[in-house]
There are 2 protein chains.
Amino acid sequence: MNRNTKTIGVIGAGAWGTALAQAFATPERPVLIWARETEVVESINGASENTLFLPGVSLDPMIAATSDLAALRECAVLLLVTPAQYVRPTLHALKPHLRPGVPVVNCAKGIEIGTGKLMTDIAAEILPDTPAAILTGPTFAAEIARGLPSAVTVAINDAGAAQVIRDTLIGRTLRPYLSDDVVGTQVGGAVKNVIAIACGIVYGLKLGESAKAALMTRGLAEMARLAESMGGRRETLLGLCGVGDLVLTCSSMQSRNFSLGVALAEGRTLEQIMAERNSVAEGVHTAKALMDMAGARNIDMPISAAVHRCVSGDRDVGRIVAELLERPLKPENA
Amino acid sequence: MNRNTKTIGVIGAGAWGTALAQAFATPERPVLIWARETEVVESINGASENTLFLPGVSLDPMIAATSDLAALRECAVLLLVTPAQYVRPTLHALKPHLRPGVPVVNCAKGIEIGTGKLMTDIAAEILPDTPAAILTGPTFAAEIARGLPSAVTVAINDAGAAQVIRDTLIGRTLRPYLSDDVVGTQVGGAVKNVIAIACGIVYGLKLGESAKAALMTRGLAEMARLAESMGGRRETLLGLCGVGDLVLTCSSMQSRNFSLGVALAEGRTLEQIMAERNSVAEGVHTAKALMDMAGARNIDMPISAAVHRCVSGDRDVGRIVAELLERPLKPENA
């Protein structure tokens, strides 16, 4: 591989990393995907399939795998596709292998526990000379991997790097829309997981589709308030990274956060639910981070607060959500 | 009934009018509902049930019915709950029976065919001295009638009338949020019916939930563009009247517009579909009106245009929607 081929590097070979590789691979743009597990590397290189995390999908022949981060050095763009809480250690591991100026596109959604930092803030701290972008939007990995159409927001506030990304990430069925609001974009992707838990609770309590739609809308207002307080733009949340992702996550049992809310409504505890799953619902972490952030910025985030109570051991989920739906009047969009 | 009791008048006793009566009736606030059909008047007054349009729901004893528009004269607030295309003749019929200053809250969603006028524009033309408001949001009549919670946007740009409405429309489970953006609010309620047809087509073609979420988001951008061009505010569409209503309408076979889209995707024609229904899908009318409005204002509304083609006899629904999902890149929120 050389620089002229514009290889795309993908760090993380879970379902979403593999789906992104599949979405962007073409004869002219090979994808090199880094996996921690030798089994995954062998499966992708030997059989063009990720048997562990995306079984049943025949991968593009231009996708190769490696377990060596140094092999990503010649890539034109790097997609970082690890869970949000692993972004910091992964960036530290990646640092010695980065060429200057190569954009790193973070594809995780969430806020770092403890620091309350956005993914691009972590990147700026560890890799100050690397352009940091965000890719986020309404995407189920299984659908994108099968070639079904969707669109994502790619946000970066570096015009040169934006051009490189635009010229490289050209999906046949996954369309990137560029934005320069890195903050608003990430707030959308993080907060929606918390709102999805609330919507799952409303669904589980059989409060109706109207109530769920109203709650999603009020959740969007929470997102917008937080984004604005952090320097983002309210209207960014009208886009794929806000409304689009919220709609998808709050409407499907395919979403881990939504289904967690349904289970909470059925009276199960977080511990019981987690014991049955091998994957975490990111919204549980995010709800805690949001409480700290909302407190520090003096922002009203009632839905996030309610979710935080529900995942922190308060069993009276029905009462908490009923109170939420009966809050007093105030002007819309406030 | 006298002025002190703050009776609410409801004009139109379909499912939605009856549900609104049920949502706002309390011992202190009786509701007088006008129905064209004698059968409905007798059923409500005799058995506290609207057997024709909302069977099975036991109505509040403070709801009475009349077939005489003159009986609404003493009401403090009037809710107009007819289909959009009947608003004009109904306002003409109501005019001789109106007290000055009593707000008329329009609850229809749509645009007048032929004139391209919003509901409040029609009201301003026929009743220039009457404050005209709009009530809209994510509500399924059957859910609201059963007392399930939701919230609506009530928009009016007359502060005094807004206060009267706020003091009168106090639902136990249906919460009004006030707005002064009458234009943006109505554009949301009208355009969402068209986007719902498109989403129904995507669902019917099995293009996936990600594609549907992306299309809803791009539809929201169309709404926002049109609203802005007409003097409304983009951020209004972030609210219940925009996102909230869009989410509900695009996610459920309960929506006539969504289910129309599904039927179109199955290869049936508009004529065949309409022959099996006793109710019209408002989005069919709205799509046509939007084409005229978008043309006159030079606004890009690709989803509405695609829907208009699909309901105007172009049978190649799959190709039309595929083209829509493959449109070239442009900045988000443009």
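Residues numbered from 1 in each chain as written. Chains lettered and ligands numbered in written order. Predicted model: local features only at pLDDT ≥ 70, side-chain atom pairs only at ≥ 80, totals over all residues. Heavy atoms only, no water.

### Section: the relation of the copies chain A and chain B
Then comes step 1: When chain A is fitted onto chain B, the two copies agree to an RMSD of 0.0 Å after a turn of 180° and an axial shift of 0.0 Å. Each copy turns onto its partner about a two-fold axis.
Then comes step 2: Both copies share a contact surface, since 100% of the interface residues of chain A are interface residues in chain B too. (Least-squares fit on C-alpha atoms with pLDDT ≥ 70 in both. Contact = heavy atoms within 4.5 Å.)

### A look at the confidence of the model for chain A
Then comes step 1: Looking at chain A, pLDDT values average 93 and 96% of them are 70 or higher.
Then comes step 2: Overall fold confidence (pTM) sits at 0.93, and the ipTM for the predicted complex is 0.93. (pLDDT = per-residue confidence, 0-100.)

### Brief notes about the sheet that holds strand β4 (residues 77-80) of chain B
Residue and element names in this part refer to chain B.
Then comes step 1: Sheet architecture is open: eight strands sit in the order β3-β2-β1-β4-β5-β6-β7-β8, paired in mixed fashion. The open sheet terminates on both sides in strands that have one partner only, identified here as β3 (63-66) and β8 (174-179). With strand direction ignored, the average angle separating the axes of adjacent strands in the sheet is 25°.
Then comes step 2: As paired elements, strand β7 (residues 150-155) and β8 share six bridges and run parallel to each other. When the bridges of β8 are listed, serine 150 appears paired with leucine 174.
Then comes step 3: Across the sheet, helix α3 (residues 87-94) lies against β1 (8-11), β4 and β5 (104-106), angled at about 150° from β4, the strand it touches most. (Pairing = 2+ DSSP bridges. Helix = DSSP H or I, 4+ residues; strand = E, 2+ residues; numbered from the N terminus. Axes fitted to C-alpha atoms, helices over the stretch in contact; angles between N-to-C directions.)

### Things to note about the environment of Gly283(A)
Residues and elements named next belong to chain A.
Then comes step 1: Locating glycine 283 in the fold gives a position in helix α12 (residues 282-297).
Then comes step 2: Residues glycine 283 and alanine 198 lie 85 residues apart in sequence; the distance between their C-alpha atoms is 10.0 Å.
Then comes step 3: Those residues in contact with glycine 283 that sit more than four places away from it in its chain are Asn193, Val194, Ile197 and Asn257.

### Things to note about the interface of chain A and chain B
Then comes step 1: On the side of chain B, 51 residues touch chain A, which itself brings 51 residues to the contact.
Then comes step 2: Around 4300 Å² of area is buried between chain A and chain B when both sides are counted, 59% of it from carbon and sulfur atoms.
Then comes step 3: The interface formed by chain A and chain B holds two salt bridges in total.
Then comes step 4: Glu235(B) is the salt-bridge partner of Arg234(A), the closest N and O atoms lying 3.8 Å from each other.
Then comes step 5: Our count for the contact surface shared by chain A and chain B stands at 20 residue pairs in polar contact (both at pLDDT 80 or more).
Then comes step 6: For the side of chain A that touches chain B, the secondary structure elements donating two or more residues are α5 (141-145), β7 (150-155), β8 (174-179), α8 (209-229), α9 (240-249) and α14 (317-325) of chain A.
Then comes step 7: Ranked by residue count, the leading element in the side of chain A that touches chain B is α8(A), at nine residues.
Then comes step 8: Tallied by class, residues from the side of chain A that touches chain B come to 26 nonpolar, 13 polar and twelve charged. (Buried area = accessible area lost by both parts, 1.4 Å probe. Salt bridge = Lys/Arg side-chain N within 4 Å of Asp/Glu carboxyl O. Polar contact = N/O pair within 3.5 Å; in protein donor to acceptor, adjacent residues only side chain to side chain. Nonpolar A, V, L, I, M, F, W, Y, C, P; charged D, E, K, R; others polar.)

### Some words on the packing of α9(A) against helix α8 (residues 209-229) of chain B
Then comes step 1: As a packed pair, α9(A) and α8(B) sit with axes 9 Å apart at the nearest point and diverge in direction by 135°. Accordingly, the angle class assigned to the pair α9(A) and α8(B) is oblique. Crossing angle aside, the handedness with which α9(A) passes α8(B) is right-handed. Where α9(A) approaches α8(B), its residues Leu240(A), Val243(A), Gly244(A), Val247(A) and Leu248(A) are matched on the opposing element by Glu209(B), Ser210(B), Ala213(B), Ala214(B), Met216(B), Thr217(B) and Leu220(B).
Then comes step 2: Split by residue class, the contact of α9(A) with α8(B) holds eight nonpolar, three polar and one charged. (Parallel < 35°, antiparallel > 145°, perpendicular 65-115°, else oblique. Left-handed = near helix turned anticlockwise from the far one by under 90°.)

### Some remarks on the side chain of Thr136(B)
Then comes step 1: Within the secondary structure, Thr136(B) sits in strand β6 (residues 132-136).
Then comes step 2: Apart from residues lying up to four places away in sequence, Thr136(B) is in contact with Lys109(B), Val152(B), Thr153(B), Thr185(B), Gly189(B), Cys241(B) and Asp245(B).

### As for the packing of α8(A) against helix α13 (residues 302-311) of chain A
Residue and element names in this part refer to chain A.
Then comes step 1: Look at α8 against α13: their axes get within 8 Å of each other, and the N-to-C directions meet at 105°. Judged by the angle between their axes, α8 and α13 are roughly perpendicular. Facing Leu215, Arg218, Gly219, Glu222 and Arg225 of α8, the residues of α13 in contact are Pro302, Ile303 and Ser304.
Then comes step 2: Of the residues that constitute the contact of α8 with α13, the class distribution is three nonpolar, two polar and three charged.

### Examining the packing of aromatic side chains
Ring pairs (aromatic) are described by centroid distance and by the angle formed between their planes.
Residues and elements named next belong to chain A.
Then comes step 1: As enumerated under the stated definition, the model contains two aromatic pairs over all chains in all.
Then comes step 2: Measuring from centroid to centroid gives 5.5 Å for tyrosine 203 and phenylalanine 258, while their planes differ by 55°, and the two rings are tilted. Residue tyrosine 203 is located in helix α7 (residues 182-204), and its partner phenylalanine 258 is located in helix α10 (residues 256-265); the two are separated by 55 residues in the primary sequence. (Phe/Tyr/Trp six-rings, centres within 6.5 Å; stacked < 30°, edge-to-face > 60°.)

### Re the pattern of salt bridges
Then comes step 1: If you walk through the whole model with that rule in mind, you get 32 salt bridges over all chains.
Then comes step 2: Where Lys117(B) meets Glu125(B), a salt bridge forms, and the shortest distance between an N and an O atom there is 2.5 Å.
Then comes step 3: You can call Lys117(B) partly exposed: its relative accessible area is 26%.
Then comes step 4: Classification of Glu125(B) as partly exposed rests on a relative accessible area of 42%.
Then comes step 5: The residue Lys192(B) makes a salt bridge to Asp245(B) at a minimum N-O spacing of 3.4 Å. Residue Lys192(B) is located in helix α7 (residues 182-204), and its partner Asp245(B) is located in helix α9 (residues 240-249); the two are separated by 53 residues in the primary sequence.
Then comes step 6: Taking relative accessible area as the criterion, Asp245(B) reaches 1% and is therefore assigned buried.
Then comes step 7: Beyond isolated ion pairs, a larger network of salt bridges with shared partners links Arg88(A), Glu112(A), Lys117(A) and Glu125(A). (Buried < 20%, exposed > 50% of the residue type's maximum accessible area, 1.4 Å probe, protein only.)

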